[in-house]
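# Observations on chain architecture
What follows is the residue order along each chain.
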Amino acid sequence: CIIVACCGFDLARNVKDAKKAKEFLSRLRAFREGRIYACDGNRYFARPGPSLAAGVAIVARCAFDTISSDITSAIDELEMTPAKGIGWAPIQFNDDSTITSDIVPDIEDVGERCNEDFYQIHKAACDAGDSQYDDPATG
C-alpha cells in the first residue's frame, strides 16, 4: 500500500495532492489494487507525542485494510486509532483512472522528474530560515 501523509498537511490536502499525482500513481500496483491512502500527516506523523502512536495504528490499519478483517477489526478497537475519514481514508480515484501497463516502476522512478525541483525549493526555504514553503505544482 501507499500512504500519503505529508508533513504539515491535513487529510483533505493529502487527498487532494494524491489525486493530482494520479498520472504517476496509476502505474503502481497499489493504485490498481485500490490501496492508496491519505492521512492527516500534520497531526499523526509530524508531531512528537502520543499522536505518533495513532500514526503507527493508521499505518497498520492501512497495511492490513484488504488483507485481514480480524487484524483491522482489532486495530479499529484500539482507543488511539482514528476513524476512517477522520485521520485517514482510502483515496477514491475516478473510474476512468486505470492505466494499463505490464511495467510496475519503483516508487523512486515515479517521482524522479520532480525530485531535483523539490530539493532546490526545500534548500532555498531552509537557507532563508523559513519553516514552510508552497509546492509550486499544487500550491
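This is a predicted model, so every value here is computed, not measured.

It is worth spelling out the overall build of the chain at this point. Each helix and strand in the chain was counted, giving eight helices and three strands. Along the chain, from the amino end to the carboxyl end, the secondary structure elements read β-α-α-α-β-α-α-α-β-α-α. A total of 139 residues make up the chain; the buried ones form 32% of that total. Partitioning the intrachain contacts of the chain with sequence separation of at least 6 by distance along the chain shows that 71% fall at a separation of at least 24.

This brings us to the nonpolar core. Membership of the largest hydrophobic core comes to 13 residues, with the highest contact counts inside it found for Ile 2, Ala 18, Leu 25, Phe 31, Ile 36, Ile 91 and Phe 93. Counting residues per element, the ones that place at least two in this core are strand E1 (2-4), helix H1 (11-20), helix H3 (29-32) and strand E2 (36-39).

Residues Leu 11, Arg 13, Asn 14, Asp 17 and Ala 18 constitute the buried set of H1. The arc that holds the buried residues of H1, viewed along the axis, is 160 degrees, so those residues lie on one side. As for H1, its buried residues are in contact with E1, helix H2 (22-25), E2, helix H4 (41-44) and strand E3 (88-90). For H1, the N-terminal capping position is held by Asp 10, with its side-chain oxygen 3.4 Å away from the main-chain nitrogen of Ala 12.

With mixed pairing, the three strands of this open sheet are ordered in space as E1-E2-E3. Edge positions in the open sheet fall to E1 and E3, since each of these has one partner strand only. On average, adjacent strands in this sheet sit at an angle of 25 degrees to one another, irrespective of strand direction. Contacts from helix H5 (residues 51-63) reach E1, E2 and E3 within the one sheet, and its direction differs from that of E3 by about 15 degrees.

To continue, consider the packing of aromatic side chains. Given two aromatic rings, one states the distance between the centres and the angle between the planes to describe the pair. Scanning all chains against the criterion turns up two aromatic pairs. A centroid spacing of 4.8 Å and a plane angle of 55 degrees characterise the contact between Phe 31 and Phe 93, whose relative ring orientation is tilted. Linking Phe 31 in helix H3 with Phe 93 in the loop between E3 and helix H7 (107-110), this pair joins segments that are 62 residues apart in sequence. Exposure remark for Phe 93: the relative accessible area of 17% places this residue in the buried category. With 6.1 Å between their ring centres and 55 degrees between their planes, Tyr 37 and Trp 88 make a pair best called tilted. Of this pair, Tyr 37 sits in strand E2 while Trp 88 sits in strand E3, and the two are 51 residues apart along the sequence. The ring of Phe 9 carries Arg 13 above its face, with NZ or CZ at 4.0 Å from the centroid.

Attention shifts here to the environment of Ala 18. As for its placement among the helices and strands, Ala 18 is situated in helix H1. Judged by relative accessible area, Ala 18 falls into the buried class, the value being 3%. Residues contacting Ala 18, with those up to four places away along its chain left out, are Val 4, Leu 25, Ile 91 and Phe 93.

With that out of the way, let us pick up the confidence of the model for the chain. Regions with low pLDDT should not have their predicted coordinates read in detail. For the chain, per-residue confidence averages 80 on the pLDDT scale, and residues scoring 70 or more make up 73% of the total. Per-element confidence in the chain is highest for E2, whose mean pLDDT is 96, and lowest for H7, whose mean pLDDT is 44. Per-residue pLDDT stays below 50 along residues 96-114; that stretch engages in 20 contacts with residues further than four places along the chain or on separate chains.

Analysis parameters
- Residues numbered from 1 in each chain as written.
- Predicted model: local features only at pLDDT ≥ 70, side-chain atom pairs only at ≥ 80, totals over all residues.
- Heavy atoms only, no water.
- Helix = DSSP H or I, 4+ residues; strand = E, 2+ residues; numbered from the N terminus.
- Buried < 20%, exposed > 50% of the residue type's maximum accessible area, 1.4 Å probe, protein only.
- Contact = heavy atoms within 4.5 Å.
- Core = buried A, V, L, I, M, F, W, Y, C linked by side-chain atoms within 4.5 Å.
- Arc of directions from axis to C-beta.
- Polar contact = N/O pair within 3.5 Å; in protein donor to acceptor, adjacent residues only side chain to side chain.
- Pairing = 2+ DSSP bridges.
- Axes fitted to C-alpha atoms, helices over the stretch in contact; angles between N-to-C directions.
- Phe/Tyr/Trp six-rings, centres within 6.5 Å; stacked < 30°, edge-to-face > 60°.
- Lys NZ or Arg CZ within 6 Å of the ring centre and 35° of its normal.
- pLDDT = per-residue confidence, 0-100.

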